[in-house]
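Coordinate analysis (summary)
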Amino acid sequence: MSQHETPLFDGLLRHAERNPVQFHIPGHKKGSGMDPVFKEFIGENALSIDLINIAPLDDLHQPHGIIKEAQQLAAEAFGADHTFFSVQGTSGAIMTMIMAVCGPGEKIIVPRNVHKSIMTAIVFSGAVPIFIHPEIDKDLGISHGITTESVTRALTEHPDAKGLLVINPTYFGIAGDLKQIVDIAHSFNVPVLVDEAHGVHIHFHEDLPISAMQAGADMAATSVHKLGGSMTQSSILNVREGLVSVNRVQTILSMLTTTSTSYILLASLDTARRHLAINGHQIIEQTLKHAQETRKKINEIDHLYCVGEEILGSKATYDYDPTKLIVSVKNLGISGHDAEKWLRDRYNIEVELSDLYNILCIITPGDTKEDCELLVKALTEMAASFKGTVQSRYAHVMLPDIPLLALSPREAFYSETETVPLDESAGRIMAEFMMVYPPGIPIFIPGEIITEENLRYVKENVAAGLPVQGPEDEELKTLRVIRERKPIY
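Before going into details, it helps to say that this report is about the structure given with it. None of the values given here were measured: they were computed from a predicted structure. Position numbers for residues start from 1 in each chain and track the written sequence from start to end. This being a predicted model, a pLDDT of at least 70 is required before a residue's local features are given, and a value of 80 or more before pairs of side-chain atoms are given or counted; all residues contribute to the totals for chains, interfaces and linings. Heavy atoms throughout the structure, all of them, feed into the side-chain values; hydrogens and water do not.

Time to look at the packing of aromatic side chains. Side-chain rings of Phe, Tyr and Trp (the six-membered ring for Trp) are treated as a pair once their centres are within 6.5 Å; stacked means planes under 30 degrees apart, edge-to-face means over 60, and tilted covers the remaining angles. In total, this model carries four aromatic pairs according to the counting rule given. Ring geometry for Tyr171 versus Phe172: centroids 6.3 Å apart, planes at 45°, classification tilted. Where Phe413 meets Tyr414, the ring centres are 5.2 Å apart and the plane angle is 85°; that geometry is what we call edge-to-face. We classify Phe413 as partly exposed; its relative accessible area is 38%. Judged by relative accessible area, Tyr414 falls into the exposed class, the value being 53%. Only Lys NZ and Arg CZ are tested; either one counts as a charge over a ring when it is within 6 Å of the ring centre and within 35 degrees of the ring normal. Above the plane of the ring of Phe131 lies Arg112, whose end atom (NZ or CZ) is 4.7 Å from the centre. For every residue, the accessible area obtained with a 1.4 Å probe (protein chains only) is divided by the maximum for its type, and the residue is called buried under 20%, exposed over 50%, and partly exposed between those limits.

Bringing a nonpolar patch on the surface into the picture now. Among the surface-exposed residues, Phe38, Phe41 and Ile42 lie close enough to one another that they form a single nonpolar patch of about 340 Å² accessible area. Note on conventions: DSSP H or I runs of at least 4 residues are helices, E runs of at least 2 residues are strands, and numbering of each starts at the N terminus. Relative to the elements of secondary structure, Phe41 occurs in helix α2 (residues 36-42). Here a patch means residues that are over 30% exposed by relative accessible area and free of salt bridges, tied together within 9 Å if like-charged and within 5 Å if nonpolar (Val, Leu, Ile, Met, Phe, Trp, Tyr). For every accessible area listed, the method is Shrake-Rupley and the probe measures 1.4 Å; residues are considered covered only by the protein chains on display. Between Lys or Arg on one side and Asp or Glu on the other, a salt bridge is scored when a side-chain nitrogen of the former is within 4 Å of a carboxyl oxygen of the latter.

Here we come to the pattern of salt bridges. Evaluation of the coordinates by the stated rule reveals 16 salt bridges. When the shortest N-O distance is used, the salt bridge between Glu418 and Arg483 registers 3.8 Å. Placement of Glu418 in strand β16 (residues 417-421) and of Arg483 in the segment after β20 (478-482) is noted, with a sequence separation of 65 residues between them. The exposure class of Glu418 is partly exposed, given its relative accessible area of 21%. Arg483 sits in the partly exposed class, given a relative accessible area of 39%. For the salt bridge of Arg480 with Glu472, the shortest nitrogen-to-oxygen distance reads 3.2 Å. The exposure class of Arg480 is partly exposed, given its relative accessible area of 23%.

On to the environment of His4. You can see His4 is positioned in the segment before α1 (7-18). Take His4: its relative accessible area is 54%, and that puts it in the exposed class. Residues His4 and Ile278, 274 residues apart in the sequence, show an inter-C-alpha distance of 7.1 Å. For this analysis, residues touch if any pair of their heavy atoms sits within 4.5 Å. Other than its neighbours up to four places away in sequence, His4 contacts Arg274 and Ile278.

Quick look at the nonpolar core now. Ile98, Ile108, Ile118, Leu193, Met219, Leu237 and Val239 are the most contacted members of the largest nonpolar core, which totals 35 residues. Mapped by element, the contributors of at least two residues to this core are α5 (89-101), β2 (107-111), α6 (116-125), β6 (164-167), β9 (219-222), β10 (235-239) and α11 (246-256). Per element, the largest residue contribution to this core is eight residues, and it comes from α5. Residues within four places of Val239 in sequence aside, it is in contact with Ala80, Asp81, His82, Phe84, Asp218, Met219, Val244, Val246 and Val249. The term nonpolar core refers to a set of buried residues drawn from Ala, Val, Leu, Ile, Met, Phe, Trp, Tyr and Cys, joined through side-chain atoms within 4.5 Å. The next biggest cluster of nonpolar side chains, apart from the first, holds 34 residues, and it includes Leu51, Ala74, Ala77 and Val200.

Here we come to the sheet that holds strand β18 (residues 441-444). With respect to topology, three strands assemble into an open sheet ordered β18-β17-β19, the strand pairing being antiparallel. At either end of the open sheet lies a strand with only one pairing partner, and these are β18 and β19 (468-469). The pairing of strand β17 (residues 434-436) with β18 spans three bridges and is antiparallel. Residue pairing across strands places Val436 opposite Ile441, the latter belonging to β18. Pairing between two strands requires that DSSP report at least two bridges joining them.

What follows is the structure in structure tokens.
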């Protein structure tokens, strides 16, 4: 097959053209059985391929036809031995990776700044996380990746670990020395699992960080929908044979995947792969040009700073993705959340993320020069409007520490619990998750001892209007903790 082909999408089109009489789900029957206003908006073309796993269209759970062909083309494009399509997003692919290598009580080495799906998989599997503290950028107030030295120490102390998970690149576009990390892990015979949610495009241009498959990693969960042009919730799982069982990966992924798989999502993966394989270098080249020009103009605005290649050189900042515009706003004396709200209210601009100190804007092939110029104009006006609040560039940066893990996350999650006031929870064992989302980095996970320091960090984020999520009490007045057994007299 050629990378110009789209066997899955073409198969759906052929089936739609035959226009069979459907005595199967979905019940809207090509749109005739749904709300007419929604049908008119979505369009007949999309509804004609909103189908299910009937024989002519193959089955994602056991592919033998057009889905198998599409996955084989994707594996070839990404340099993998096998590629699996995911309609459960990259979260489903990440959970598959972890559950394919870890069982109850087994160790997995992970950086602390992980997505919540990783911690969910650790609870599901019963695995015990061995945390590596990522390198902290105290100027920007963000976490980067893990270093080769910390990986070596972790594996030396825990050679029985069943896997090492690496984020490449991070949400903010920063990458460590993935090739060396993979080599170190493989010297311990430990497979490397890569959270490549924000790196689908890096495989297709030499000026971007090395991809997981190029580095020799064993598995990589890759969000095609984030930066690769497929529809939201569609991702892939790339696998290299050797240290992991491909059959077990397929089994676990099937366990976590709906049997009513969306063929619209699957078709968008097929066509996005074609576009990246054929045109990826060209469109990414243009995207990089837009991003670098925008970065230069932002850095000409007083009291704003957009991170560039000067960030490279530390042990955890081996490479970076220039299409991620990290804009530090703390010198204006405002939070990232303030900046996000200002851009929304004044210019109808939505950013990818805001935190206490930064906003993150992502430039993709879908952005135009005019879009980038509008962003610069808006940031220029924003900086001028806050010039009376300017502070020192080296403002204090507070980041959460890693609490002590007293119980495995699974044991804590399923333990007998009680709720206590937030202000009285220090010293208790957490029974639920707490994170700032996005990006979903844990402040507490089930099984960790609650600390006063991290409670202060929670309150600071809440005061700044940032989304602290996880606890059952959305008002964050109480936390669920492990019930303490009282002595019987």
